[in-house]
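Each chain, letter by letter, is given below.
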Amino acid sequence: MIKDRLASVLGRRDEEPNIQLAQEIVQNKDKNAIEELLHLIQGKQKDLQNDSIKVLYEIGETSPQLISAYWNDFMEALSSKNNRLQWGAMTALKTISLLEPDHIVNNLIKLENAAEQGSVITRDNYVTILTNILSLSRYQELAFNAVIKQLLQCPTNQLAMYAELVSPKITSAYSKKFIETLSGRLDEIEKDSKRKRVEKVIKKKS
């Protein structure tokens, strides 16, 4: 059973067993194992949820096509009260966002709400999803507007990282608004090093 291979069941406090399990599942293209893991994230045991979502997004990092069909399971996990499962689900969605862009876009409000209410990691992964979607011309405007919303609302601590992340995907048509948004927040940034990073992005896009 896949459950018996998870870190918490093995009495381990590190993630190594989960990472190894993900590698094996990828190697064997083991759909049954993936379905067992999805069943476990829907269960009630927090440790098993945490281990299972870790294995699932590790699979997604190397072979997103193996988990892309289960996008809806990850969407449902976004509303979990278990914070680890919630941000893990956003991480899994990040790995499959370019394979399932239509489903991502159709559920953008749900993703945004999870990012607003969740941890920093949840928001980080949401912004990465938006960055991926930005590269698709049919969704560019929608993704750009969602990015601007994040750049206006995110803590200043994250602003430089987000600006650097999305900047390469911002086309000339959207540069002006992007620069204005970042420039408008410069005075809020207390850390000199982070302000300089944002200024560098602005300069590059000007």
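What counts, and where the lines are drawn
Residues numbered from 1 in each chain as written. Predicted model: local features only at pLDDT ≥ 70, side-chain atom pairs only at ≥ 80, totals over all residues. Heavy atoms only, no water. Core = buried A, V, L, I, M, F, W, Y, C linked by side-chain atoms within 4.5 Å. Buried < 20%, exposed > 50% of the residue type's maximum accessible area, 1.4 Å probe, protein only. Helix = DSSP H or I, 4+ residues; strand = E, 2+ residues; numbered from the N terminus. Contact = heavy atoms within 4.5 Å. Phe/Tyr/Trp six-rings, centres within 6.5 Å; stacked < 30°, edge-to-face > 60°. Axes fitted to C-alpha atoms, helices over the stretch in contact; angles between N-to-C directions. Parallel < 35°, antiparallel > 145°, perpendicular 65-115°, else oblique. Left-handed = near helix turned anticlockwise from the far one by under 90°. Nonpolar A, V, L, I, M, F, W, Y, C, P; charged D, E, K, R; others polar. Arc of directions from axis to C-beta. Salt bridge = Lys/Arg side-chain N within 4 Å of Asp/Glu carboxyl O.

Draft legend 1. Spatial organisation of the nonpolar core. Ile34, Leu56, Ile59, Phe74, Leu93, Leu111 and Leu182 are the most contacted members of the largest nonpolar core, which totals 69 residues. Residue contributions to this core peak at seven residues, all from helix α5 (residues 83–96). In this structure Leu56 touches Ile34, Leu37, Leu38, Ile41, Ile67 and Phe74, once residues within four positions along its chain are discounted.

Draft legend 2. Main features of the packing of aromatic side chains. As enumerated under the stated definition, the model contains two aromatic pairs in all. With 4.5 Å between their ring centres and 35° between their planes, Phe144 and Tyr174 make a pair best called tilted. Of this pair, Phe144 sits in helix α9 (residues 140–153) while Tyr174 sits in helix α11 (residues 172–183); the two residues are 30 residues apart in sequence, bridging distant segments of the chain. Take Phe144 and Tyr174: they sit in the same class, and that class is buried.

Draft legend 3. Main features of the packing of α5 against helix α8 (residues 120–134). Orientation of α5 relative to α8, taken along the N-to-C sense of each, is 15°, at an axis distance of 9 Å. The orientation of α5 with respect to α8, classified from their angle, is roughly parallel. Considering how the two elements wind past one another, α5 and α8 form a crossing that is left-handed. Where α5 abuts α8, its residues Gln86, Trp87, Met90, Thr91, Leu93 and Lys94 lie against Ile121, Thr122, Asn125, Tyr126, Thr128, Ile129 and Asn132. Of the residues in the contact of α5 with α8, the class split is six nonpolar, six polar and one charged.

Draft legend 4. Inspection of helix α7 (residues 108–117) at higher detail. Those residues of α7 that sit buried are Leu108, Leu111, Glu112, Ala114 and Ala115. For α7, the arc enclosing every buried residue in end-on projection is 160°, short of the 170-degree limit, so these residues lie on one face. Counted as exposed and oriented over 90 degrees from the buried face of α7: Ile109 and Gln117. Considering only its buried residues, α7 is in contact with α4 (71–77), α5, α6 (101–106), α8 and α9.

Draft legend 5. Highlighting the packing of α9 against α11. In contact at an axis separation of 10 Å, α9 and α11 are set at 10° when each is read in the N-to-C sense. By the angle between their axes, α9 is roughly parallel relative to α11. For the pair α9 and α11, contact is made by Gln140, Glu141, Phe144, Ile148, Leu151 and Leu152 and by Tyr174, Lys177, Phe178, Thr181 and Leu182, respectively.

Draft legend 6. Highlighting the pattern of salt bridges. One pass over the structure, following the stated rule, counts 13 salt bridges. Residues Arg197 and Glu164 are paired through a salt bridge, measuring 2.8 Å at the closest nitrogen-oxygen approach. Placement of Arg197 in helix α12 (residues 192–205) and of Glu164 in helix α10 (residues 156–166) is noted, with a sequence separation of 33 residues between them. On the basis of relative accessibility, which here comes to 33%, the residue Glu164 falls in the partly exposed class. The partner of Lys176 in a salt bridge is Glu180, and the shortest N-O contact between them spans 3.0 Å. You can see Lys176 and its partner Glu180 sitting in helix α11, four residues apart, about one turn around the helix. Given the relative accessible area of 44%, Glu180 is considered partly exposed. Each of Asp192, Arg195 and Lys196 takes part in a single network of salt bridges with overlapping partners.

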